[in-house]
Each structure stands twice: as C-alpha cells, then as structure tokens.
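# Chains, contacts and geometry: an overview
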Amino acid sequence: MLFIGRLTKVKKIHQLIKAVFILNKKSDYNLLIIGDGEMKDELKTQAKELILSKNCIFYGECYEEEELSKLIYNADLTVSPGNIGLTAIHSLSFGTPVCSHSNYDNQMPEVESIINGENGFLFLENNIESMVDGISRWFERNKPVDKSKIRDVIDKKYNPEYQEEVILKAIK
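Definitions and cut-offs
Residues numbered from 1 in each chain as written. Predicted model: local features only at pLDDT ≥ 70, side-chain atom pairs only at ≥ 80, totals over all residues. Heavy atoms only, no water. Helix = DSSP H or I, 4+ residues; strand = E, 2+ residues; numbered from the N terminus. Buried < 20%, exposed > 50% of the residue type's maximum accessible area, 1.4 Å probe, protein only. 1 Å grid on protein atoms, 1.4 Å probe; cavity = no way out; pocket = protein on both sides within 12 Å on 5 of 7 lines; lining within 4 Å. Points joined across faces, edges and corners; volume = space filled by probe spheres on them. Nonpolar A, V, L, I, M, F, W, Y, C, P; charged D, E, K, R; others polar.

### With respect to unusual backbone geometry
In this structure, K12 takes a positive phi of about 55° despite not being glycine. Following the sequence through the fold, K12 ends up in the loop between β1 (2–4) and α1 (13–23). The exposure class assigned to K12 is buried, which follows from its relative accessible area of 15%. In the Ramachandran plot, N126 falls in the positive-phi region, its phi being about 60° despite a non-glycine side chain. Classification of N126 by relative accessible area gives partly exposed; the value is 44%.

Structure representation (structure tokens):
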C-alpha cells in the first residue's frame, strides 16, 4: 500500500499505520509512505513501535514524475485516511486503486473519482476498523487488479478533452 502527500496531522497517516498494524496480524501488508512534513518523526516513531521496519518504509519527498510513476504504478492500493485531493487522480492515472474516507464535507472534489468497489473504495472517516475492513475486503476481491479498468474514470472524465466539453456545455 502507498500513501503519498505531505506528512501533516490533517492527512491522518497515524490511522493508516494503526490499520497496517491490525492488518498484519492476519496477513503480510507493506506500507510505503512518500512525502515529508511536520509529522514525519512522530509517524516514524509510531511505525517503529507497531510495524516491522520491513513492512513500513518512509521514502521521503519525491517530485520526480518518472520516479513517482513507478512507485504509484507498482503499488496495489493508495490509501489516504484524511482528504485525498489530486493524489486520487494521480494514482488512478497509473491504474492504482484508491481509498479514502466517505465524509464528503471533509474531502476535496477529486474524491468523486473514486467509484466504490470499482477503482477503490470509501471507508468511514476516523474509523480505523472501517478502513481495515475495507482494505481486507478490497484485497480479497480484487487480485489481480486490471490497471486499465482502474484508469477508466480518468480516461473518460478527468482529461482535458472531457473538461473542455463540460466547460463549453456550461457556457452554452
């Protein structure tokens, strides 16, 4: 699994680390955290206490698209316990399913790109059990993932041509 973004309180990465700890009691899950921020040291300490170092890697910040594309493409699931934003579009563009919380009042507009059960799923906000259950069910039902199906929503709606069409319709 992958988290990519700023390591801040609002992203709730501490919940993801707890979820991986719970998941690893039944199976072997890995977490790659890409990013940097004010919570890095605290998150590293939490991960060290709960998860084996081989199962949780802090990659650091990365702005190189060629490098990011490989990391995202090779992940099985992008998880964002806080708001998801453009990370959803970025992950789905590389065929990597996405999950985040279902409270639209605390989300970014890009959460609408997640089609529950098709290219990812939504769990109850601030509910680690719901996240754990969703991740478990996702991996039970979706092995292997058809990356082209995951990208479908991007190919259909989140591209310049479609956006131009929407804008022109609104103008008319």
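### Section: empty space enclosed by the protein
Here the structure, examined in full by the defined rule, presents 1 cavity of 30 Å³ or more. When its volume is computed, the largest cavity comes out at roughly 30 Å³. In terms of lining, the largest cavity is formed by T8, K9, K12, I13, H14, M39 and L43. Its residues assigned to classes, the lining of the largest cavity comprises 3 nonpolar, 2 polar and 2 charged.

Interpretation in functional terms is not warranted from these geometric data alone.
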